[in-house]
Amino acid sequence: MEFLSGNFLCETIVPKEELIVSRTDLKGNITYANETFALISGYKIGELIGKPHNILRHPDMPKSLFKELWKDLETKGLWSGIVKNKRKDDGFYWVYAEISGVFKNGILVEYKSIRTPISFEEKVKYQLLYDQIKKEDNETTRRVIYS
């Protein structure tokens, strides 16, 4: 168990009318980020470009989910699922993510990701699911201490 301090309990709500869009190179480094991505993540676009997309990985997310993501991208060319991301200020936001390959002349050159908001019920469902997966995988889980 670990104690989480800072803004981990502060959620940023993704507006229903917004799309978070990004592109990465084949190693997962961000090559494009739209204004909504920057605003919701708390970064400036210039701070995102060139950084690995996993700077947004929230500690509540099971490692096995990302192994599945990369496996699906390699074998199927796409992946979709629910993700809890970490903001620059250590807050968080939930999204439904769709990731797929971008091809030029039949050659995979990068990945694009489009993320949309999810319902409160989905957030609760997936938080509980991810907590269970992390427990089963013997990963560190959250412990929140109120004072």
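So, here is what we can say about the structure in this document. Keep in mind the model is a prediction, meaning the values are calculated, not measured.

## Some words on unusual backbone geometry
So, step 1. We note that aspartate 90 has phi near 75 degrees; this positive angle belongs to a residue other than glycine.
So, step 2. The topology assignment puts aspartate 90 in the loop between β4 (78–86) and β5 (92–104).

## Examining the packing of aromatic side chains
So, step 1. In this structure the tally under the stated criterion is three aromatic pairs.
So, step 2. Summarising the aromatic geometry, the rings of tryptophan 94 and tyrosine 130 are spaced 6.3 Å apart at their centres and angled 20 degrees between planes, so their arrangement reads as stacked. Of this pair, tryptophan 94 sits in strand β5 while tyrosine 130 is found in helix α4 (residues 120–136), placing the two residues 36 residues apart along the sequence. As far as the burial class goes, tryptophan 94 and tyrosine 130 line up, both buried.
So, step 3. What links up through ring pairs into an aromatic cluster is the set Trp94, Tyr126 and Tyr130.
So, step 4. Positioned above the aromatic ring of phenylalanine 66 is the side chain of arginine 57, whose terminal nitrogen or guanidinium carbon lies 3.8 Å from the ring centre.

## Re the sheet that holds strand β6 (residues 107–116)
So, step 1. Taken in spatial order, the five strands line up as β3-β2-β6-β5-β4 in an open sheet, and their pairing is antiparallel. The sheet is open, and its two edges are formed by β3 (30–33) and β4, each paired on a single side. For this sheet the average axis-to-axis angle between neighbouring strands, irrespective of direction, equals 25 degrees.
So, step 2. Two strands pair when backbone bridges link them, and β5 and β6 are joined in this way by nine bridges, in the antiparallel orientation. The residue of β6 that forms the bridge with tyrosine 96 is threonine 116.
So, step 3. Along the sheet, helix α3 (residues 63–75) contacts β4, β5 and β6; its crossing angle with β4, the most-contacted strand, is approximately 150 degrees.
So, step 4. Helix-sheet contacts for α4 involve β4 and β5, and the interaxial angle to β5 is about 80 degrees.

Parameters and conventions
Residues numbered from 1 in each chain as written. Predicted model: local features only at pLDDT ≥ 70, side-chain atom pairs only at ≥ 80, totals over all residues. Heavy atoms only, no water. Helix = DSSP H or I, 4+ residues; strand = E, 2+ residues; numbered from the N terminus. Phe/Tyr/Trp six-rings, centres within 6.5 Å; stacked < 30°, edge-to-face > 60°. Buried < 20%, exposed > 50% of the residue type's maximum accessible area, 1.4 Å probe, protein only. Lys NZ or Arg CZ within 6 Å of the ring centre and 35° of its normal. Pairing = 2+ DSSP bridges. Axes fitted to C-alpha atoms, helices over the stretch in contact; angles between N-to-C directions. Contact = heavy atoms within 4.5 Å.

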